[in-house]
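Chain by chain, the residues run as shown.
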Amino acid sequence: MKIEQIYTGCIAHAAYYIENNGEAAIFDPLREVQPYIDKAKKDNAKIKYIFETHFHADFVSGHLDLAKKTGAQIVYGPTAKPNFEAIVAEDNQEFKIGNYIIKAIHTPGHTLESTTYLLIDENGKQHGIITGDTLFIGDVGRPDLAQKLVSDLTQEKLAGMLFDSLRNKIMPLSDDLIVYPNHGAGSACGKNMSKETTDTLGNQKKVNYALRADMTKEEFTKELLDGLGAPPAYFPQNVLMNIQGYDSLETVMNKANTALKPKAFEAVANESEALVLDVRHENDFVKEHVPNSIFIGLHGNFAPWVGALIMDVKQPILLITPEGKEEETITRLARVGFDNCLGYLKGGLEAWKAAGFETDSITSISPEQFATEKDQTKLPVIDSRKPGEFTAEHVENAINIPLDFVNNHLAEIPKDKFYLHCAGGYRSVIMASILKARGYHNMINVEKGINGIRNAGVELTKFVCPSTLK
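Residues numbered from 1 in each chain as written. Predicted model: local features only at pLDDT ≥ 70, side-chain atom pairs only at ≥ 80, totals over all residues. Heavy atoms only, no water.

This brings us to the packing of helix α3 (residues 155-170) against helix α5 (residues 217-225). In the contact formed by α3 and α5, the axes pass within 9 Å of each other and the chain directions differ by 120°. Regarding α3 and α5, the two cross each other, and that crossing is right-handed. Residue-level inspection shows Gln155, Glu156, Ala159, Gly160, Leu162, Phe163, Asp164, Leu166 and Arg167 of α3 in contact with α5, the latter providing Lys217, Phe220, Thr221, Leu224 and Leu225. Here the residues of the contact of α3 with α5 sort into seven nonpolar, three polar and four charged. (Axes fitted to C-alpha atoms, helices over the stretch in contact; angles between N-to-C directions. Helix = DSSP H or I, 4+ residues; strand = E, 2+ residues; numbered from the N terminus. Left-handed = near helix turned anticlockwise from the far one by under 90°. Contact = heavy atoms within 4.5 Å. Nonpolar A, V, L, I, M, F, W, Y, C, P; charged D, E, K, R; others polar.)

Turning next to the nonpolar core. If you look at the biggest cluster of nonpolar residues, it comprises 82 residues, and the most contacted ones within it are Leu277, Ile296, Leu309, Phe338 and Ile430. Dropping the residues within four chain positions of it, phenylalanine 338 is found in contact with Tyr234, Val306, Gly307, Ile310, Met311, Asp312, Val313, Ile317 and Leu333. The next biggest cluster of nonpolar side chains, apart from the first, holds 23 residues, and it includes Ile137, Ala159, Phe163 and Phe220. (Core = buried A, V, L, I, M, F, W, Y, C linked by side-chain atoms within 4.5 Å. Buried < 20%, exposed > 50% of the residue type's maximum accessible area, 1.4 Å probe, protein only.)

Size it by volume and the second largest pocket reaches roughly 420 Å³. Listing elements by their share of the lining of the second largest pocket, those giving two or more residues are α8 (262-272), β14 (275-278) and α10 (302-310). Ranked by residues supplied to the lining of the second largest pocket, first place goes to α8 with four residues. Classifying every residue of the lining of the second largest pocket gives 15 nonpolar, four polar and three charged. Each of domain 2 (247-355) and domain 3 (364-468) gives at least three residues to the lining of the second largest pocket. (1 Å grid on protein atoms, 1.4 Å probe; cavity = no way out; pocket = protein on both sides within 12 Å on 5 of 7 lines; lining within 4 Å. Points joined across faces, edges and corners; volume = space filled by probe spheres on them. Domains from an automatic or database assignment.)

The next thing to look at is the state of the cysteines. This model, assessed by the stated rule, comprises zero disulfides. Cysteine 189 supplies the cysteine sulfur nearest to cysteine 10, a cysteine that is in no disulfide, at a spacing of 14 Å. Its relative accessible area of 16% is what places cysteine 10 among the buried residues. Of the cysteine sulfurs around cysteine 341, a residue in no disulfide, the closest is that of cysteine 10, at 16 Å. (Disulfide = S-S within 2.5 Å.)

Time to look at the domain arrangement of the protein. Considered domain by domain, the protein is made up of domain 1 (2-237), domain 2 (247-355) and domain 3 (364-468). Distance between the C-alpha centres of domain 1 and domain 3: 37 Å.

This part takes up the sheet that holds strand β3 (residues 23-27). Strand pairs in the sheet, formed through backbone hydrogen bonds, run parallel or antiparallel to each other. Read across the open sheet, the six strands follow the order β1-β2-β3-β4-β5-β6; overall the sheet is mixed. Only two strands of the sheet have a single partner each, and these edge strands are β1 (3-8) and β6 (87-88). Here β1 runs beside strand β2 (residues 13-20); their pairing, made up of six bridges, is antiparallel. Of the residues in β2, the one forming a bridge with tyrosine 7 is alanine 14. (Pairing = 2+ DSSP bridges.)

By the definition in use, this model includes 25 salt bridges. Glutamate 4 is the salt-bridge partner of lysine 39, the closest N and O atoms lying 3.2 Å from each other. Of this pair, lysine 39 sits in helix α1 (residues 34-42) while glutamate 4 sits in strand β1; the two residues are 35 residues apart in sequence, bridging distant segments of the chain. Residue lysine 39 is classed as partly exposed on the basis of its relative accessible area of 24%. Through salt bridges with shared partners, a single ionic network connects Lys2, Glu19 and Asp43. (Salt bridge = Lys/Arg side-chain N within 4 Å of Asp/Glu carboxyl O.)

Taken residue by residue, α1 has Tyr36, Ile37 and Ala40 as its buried positions. Looking straight down α1, one finds its buried side chains confined to an arc of 100°; they lie on one side. Residues of α1 that are exposed and angled more than 90 degrees away from the buried face: Lys41 and Lys42. Buried-residue contacts for α1 involve β1, β2, β3, β4 (46-51) and α2 (63-70). Where α1 terminates, the next one or two residues include asparagine 44, which has phi positive at roughly 55°. (Arc of directions from axis to C-beta.)

Spatial strand order, β13-β17-β16-β14-β15: five strands in an open sheet with parallel pairing. Two strands bound the open sheet, and with one partner strand each, they are β13 (259-260) and β15 (294-295). Inspection of the sheet shows β14 paired to strand β16 (residues 317-320) by four bridges, in the parallel sense. The partner of leucine 275 across the bridge, within β16, is isoleucine 317.

Evaluated as defined, the whole model comprises 17 aromatic pairs. Between the aromatic rings of tyrosine 234 and phenylalanine 338, the centroid separation amounts to 6.5 Å while the plane-to-plane angle is 50°, which identifies the pairing as tilted. Placement of tyrosine 234 in the loop between α5 and α6 (235-244) and of phenylalanine 338 in the loop between α11 (326-335) and β17 (341-345) is noted, with a sequence separation of 104 residues between them. Judged by its relative accessible area of 2%, tyrosine 234 falls in the buried class. Take phenylalanine 338: its relative accessible area is 1%, and that puts it in the buried class. With a centroid separation of 4.9 Å and an interplanar angle of 85°, the aromatic rings of phenylalanine 370 and tyrosine 419 are classed as edge-to-face. Here tyrosine 419 lies in strand β21 (residues 418-421) and phenylalanine 370 lies in helix α13 (residues 367-377), a separation of 49 residues in the sequence. The class of phenylalanine 370 is buried, set by a relative accessible area of 0%. Aromatic rings pair up to connect Phe27, Tyr49, Phe51, Phe95 and Tyr117 into one cluster. (Phe/Tyr/Trp six-rings, centres within 6.5 Å; stacked < 30°, edge-to-face > 60°.)

Before going further, it helps to spend a moment on the UniProt feature "domain: Rhodanese" (unreviewed entry) in the protein. Annotation from UniProt places "domain: Rhodanese" (unreviewed entry) at residues 270-361 and 375-462. Between the end C-alpha atoms of residues 270-361 there is a gap of 21 Å, over a span that is 38% helix and 16% strand. Secondary structure over residues 375-462 splits into 32% helix and 15% strand, and the C-alpha atoms at its two ends are 19 Å apart. (UniProt positions renumbered as here; feature names shortened; annotations may be inferred.)

As structure tokens, this is what we get:
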């Protein structure tokens with residue numbers, strides 16, 4: 001069967017392209033749809049259907065732009081109520097792509113409309129299942145998102161639905177089917193996803209905790225909800241965009257791809273109350289940056305951190321980017337619904353300085369310097385990693401304030417000097433930039449994070465394997 005997984009690592013997202021006999025289908029497309037159109041054109045195929053496994057929360061799908069450009073029909077599973085023209089499939093309804101059959105199997109639990117698509121080849125053999133967020137490799141979808149939109153739902157009710165969907169709809173299928181999920185490790189749509197992005201259903205029945213044959217619904221619900229952190233604030237906003245519609249990517253690009261000279265950049269920032277977002281490397285930001293700008297580096301998990309920390313997708317944003325990275329930055333913002341970008345600083349920081357504007361910096365030291373002076377200064381140490389990372393291993397007496405929720409824990413930040421670190425140096429600079437913008441200027445960033453600190457010989461707590469933690 002001709003199926004291609006199109007994986008985008010920065011948001012841990014997998015779209016799928018299927019083609020047979022001159023017809024093609026796209027499953028869960030990203031916002032930038034031209035690559036799918038080009039792929040079909042190369043195969044001399046027409047995109048017939050755009051299948052959506054559910055209303056996505058972690059990204060804005062490209063279903064509307066792709067349908068408009070190709071004439072393809074959008075397909076959702078049962079109970080979906082989109083605010084645009086689409087086929088709402090019945091459970092077990094079949095669709096033809098050339099000589100292939102795509103069978104919609106309603107699998108509610110992650111969301112009410114969540115649907116798995118069974119792929120059947122030209123010989124009638126079942127090949128695989130595109131599972132969306134119902135089943136991941138090593139995990140299943142979180143059941144606490146739809147309750148944000150439907151008041152009488154609880155995560156326990158959704159977990160129960162997911163249990164039934166897995167037992168009654170997925171697990172009875174053939175063990176040799178290939179599982180094609182919507183996400184891999186790094187996505188906030190689950191908690192234990194594997195780095196692998198496909199597997200056989202049979203192997204998942206052996207290794208995936210959620211597919212244990214002897215598991216009760218109560219046990220499933222408890223294990224699924226145990227350790228499940230709060231979803232990023234932008235998730236419900238992305239769901240609504242996917243249900244209600246949004247501006248085309250071209251419209252967003254035309255507005256955002258505006259080069260602003262320093263004085264114009266400052267004027268727009270003041271007039272619009274825009275957030276100035278610096279996406280350069282953390283080493284460059286630490287040395288010098290526009291005062292009160294926020295750092296989220298393009299080279300890291302950019303879009304998820306933007307969504308987790310900026311939170312409001314309508315927030316006006318002005319960009320400071322590496323030269324030539326303006327369009328990529330705007331596109332990656334749009335993937336998660338941040339469409340209100342007003343432009344970027346022409347000429348970057350050098351132009352800003354040449355225009356006579358001031359810059360700011362962050363005090364930053366090497367892990368070796370931290371190792372030398374930590375016991376002498378006795379300053380507090382703030383660890384910005386996730387609770388599981390912190391529990392596994394940390395600097396003695398360090399305070400854990402995860403970057404994800406720094407805005408909710410400002411009262412816990414020391415008023416005097418303190419050290420700040422993460423795992424490798426990326427997240428601590430994000431946190432430092434946020435704290436500086438809120439008036440905290442006494443942090444000392446430790447470069448290379450816990451990895452560098454460990455190598456510098458600083459004594460850490462006894463390591464506990466994260467897989468054993470609850």
